[in-house]
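Residue strings, one per chain:
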Amino acid sequence: MAEFVKIYPENPNPKEIQKVVNVLKRGGLVIYPTDTVYGLGCDITNIKALERIAQIKGVKLEKSNFSFVCEDLSNLSDYVKQIDTTTFKILKRALPGPYTFILPGSKNLPNPFKKRKTVGIRVPDNSIALALVSALGNPIVSTSIRDEDDVLEYTTDPELILEKWDKLVDIVIDGGYGDNEASTIIDLSTGVPEVVREGKGNLEIF
């Protein structure tokens, strides 16, 4: 049974944030709000938790395309090869925001992702998501929660999310209604911005 935790985005309660972080550190799975759709995430350093997410999504962990949710760009070099000034300026302009950027992966990637040539980096403009990553001290590996109903691709109501994911995750955060539009995915791995998926993020900033 998942715990349902109410956190207010205007002023995330540090006690509640710490409660969620303790679960993440123990290998728990958490559904949390972002600036787009609700995400399913775990601690990037916990292999068992990563394997649980891969199993839920029906993919092999090594072949998964989960995003790394970061607090800011300060630890980018831990996961990404050195990038040029133009690329960095694009990131600075767009983040935090509703974008996932595909960047060349570094040699220091966590074990399950070692063979990856690229990584998806997210810095969502959501106070709860950023508070979680900040308190955790490293990125959250994340994926969007999809809805089988084609009409509503992403579930936006936290109570309905809890109903559906109750037996699969450890915590569902109620951070208010989510969006039903996913992030815009931009591939910057070759240095030239290429739109992989148009989503909530405005393309005009490129």
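So, here is what we can say about the structure in this document. (Residues numbered from 1 in each chain as written. Predicted model: local features only at pLDDT ≥ 70, side-chain atom pairs only at ≥ 80, totals over all residues. Heavy atoms only, no water.)

### As for the pattern of salt bridges
Then, number 1: One pass over the full model with this rule turns up six salt bridges.
Then, number 2: In this structure, Lys19 and Glu3 form a salt bridge, with 3.0 Å as the shortest nitrogen-oxygen distance. Taken as a pair, Lys19 in helix H1 (residues 14-25) and Glu3 in strand E1 (residues 3-6) lie far apart in primary sequence, 16 residues in all.
Then, number 3: The exposure class of Lys19 is partly exposed, given its relative accessible area of 32%.
Then, number 4: Note that Lys200 is salt-bridged to Asp179, the shortest N-O span being 3.0 Å. Here Lys200, found in the segment after strand E10 (194-197), pairs with Asp179, found in the loop between strand E8 (171-174) and strand E9 (184-187); they are 21 residues apart in sequence, far enough to count as distant.
Then, number 5: Exposure remark for Lys200: the relative accessible area of 35% places this residue in the partly exposed category.
Then, number 6: Taken together, the shared-partner salt bridges in this structure form one network comprising Glu3, Glu16 and Lys19. (Salt bridge = Lys/Arg side-chain N within 4 Å of Asp/Glu carboxyl O. Helix = DSSP H or I, 4+ residues; strand = E, 2+ residues; numbered from the N terminus. Buried < 20%, exposed > 50% of the residue type's maximum accessible area, 1.4 Å probe, protein only.)

### Some words on the layout of surface pockets
Remark: the empty space left among the atoms is shown by a probe the size of a water molecule rolled over them.
Then, number 1: Each pocket or cavity is described by its volume, and for the largest pocket that value is around 660 Å³.
Then, number 2: Asn65, Phe66, Ser67, Thr143 and Ile185 are, among the 31 residues lining the largest pocket, the residues nearest its centre.
Then, number 3: Elements supplying a minimum of two residues to the lining of the largest pocket: strand E4 (67-69), strand E5 (99-104), strand E6 (118-122), strand E7 (140-144) and E10.
Then, number 4: When residues in the lining of the largest pocket are grouped by element, the largest group, four residues, is from E6.
Then, number 5: When grouped by side-chain class, the residues that make up the lining of the largest pocket number twelve nonpolar, 13 polar and six charged.
Then, number 6: The volume enclosed by the second largest pocket comes to roughly 180 Å³.
Then, number 7: Around the second largest pocket sit 13 residues that line it, and Glu71, Asn75, Gly137, Asn138 and Pro139 are the ones nearest its centre.
Then, number 8: Here the residues of the lining of the second largest pocket sort into five nonpolar, five polar and three charged. (1 Å grid on protein atoms, 1.4 Å probe; cavity = no way out; pocket = protein on both sides within 12 Å on 5 of 7 lines; lining within 4 Å. Points joined across faces, edges and corners; volume = space filled by probe spheres on them. Nonpolar A, V, L, I, M, F, W, Y, C, P; charged D, E, K, R; others polar.)

### A word on the pairing of E5
Look at any regular strand and the pattern is simple: side chains alternate between the two faces of the sheet.
Then, number 1: Most of E5 is tucked away, with six of its six residues classed as buried.
Then, number 2: Relative to E6, E5 runs antiparallel, the two sharing five bridges. Along E6, the bridge assignment pairs Ile102 with Gly120. (Pairing = 2+ DSSP bridges.)

### A word on the packing of aromatic side chains
Then, number 1: This model, assessed by the stated rule, comprises three aromatic pairs.
Then, number 2: Judged by centre distance (5.8 Å) and plane angle (20°), the ring pair of Tyr99 and Phe101 falls under stacked. Neither Tyr99 nor Phe101 differs from the other in exposure class; each is buried.
Then, number 3: Among the aromatic residues, those joined into a cluster by ring pairs are Phe68, Tyr79 and Phe113. (Phe/Tyr/Trp six-rings, centres within 6.5 Å; stacked < 30°, edge-to-face > 60°.)

### A word on helix H4 (residues 127-136)
Then, number 1: Within the sequence span of H4, burial applies to Ile128, Ala129, Leu130, Leu132, Val133 and Leu136.
Then, number 2: Of the residues flanking the start of H4, the one acting as N-cap is Asn126, its side-chain oxygen 2.9 Å from the backbone nitrogen of Ile128.
Then, number 3: Gly137 occupies a position one or two residues after H4 and carries a positive phi of about 90°. (Polar contact = N/O pair within 3.5 Å; in protein donor to acceptor, adjacent residues only side chain to side chain.)

### Regarding the sheet that holds E5
Then, number 1: In spatial order, the strands read E1-E8-E2-E3-E7-E4-E6-E5-E9-E10; together these ten strands make up an open sheet with mixed pairing. Looking at the sheet topology across the chains shown, the edges are occupied by E1 and E10. The sheet shows a mean angle of 30° between the axes of neighbouring strands, direction not considered.
Then, number 2: In this fold H4 packs onto strand E2 (30-32), strand E3 (39-43), E4, E7 and E8, with an angle of close to 150° to the strand it touches most, E7.
Then, number 3: Taken strand by strand, helix H5 (residues 158-165) contacts E1, E2, E3 and E8, and its axis lies near 170° from that of E8. (Axes fitted to C-alpha atoms, helices over the stretch in contact; angles between N-to-C directions. Contact = heavy atoms within 4.5 Å.)

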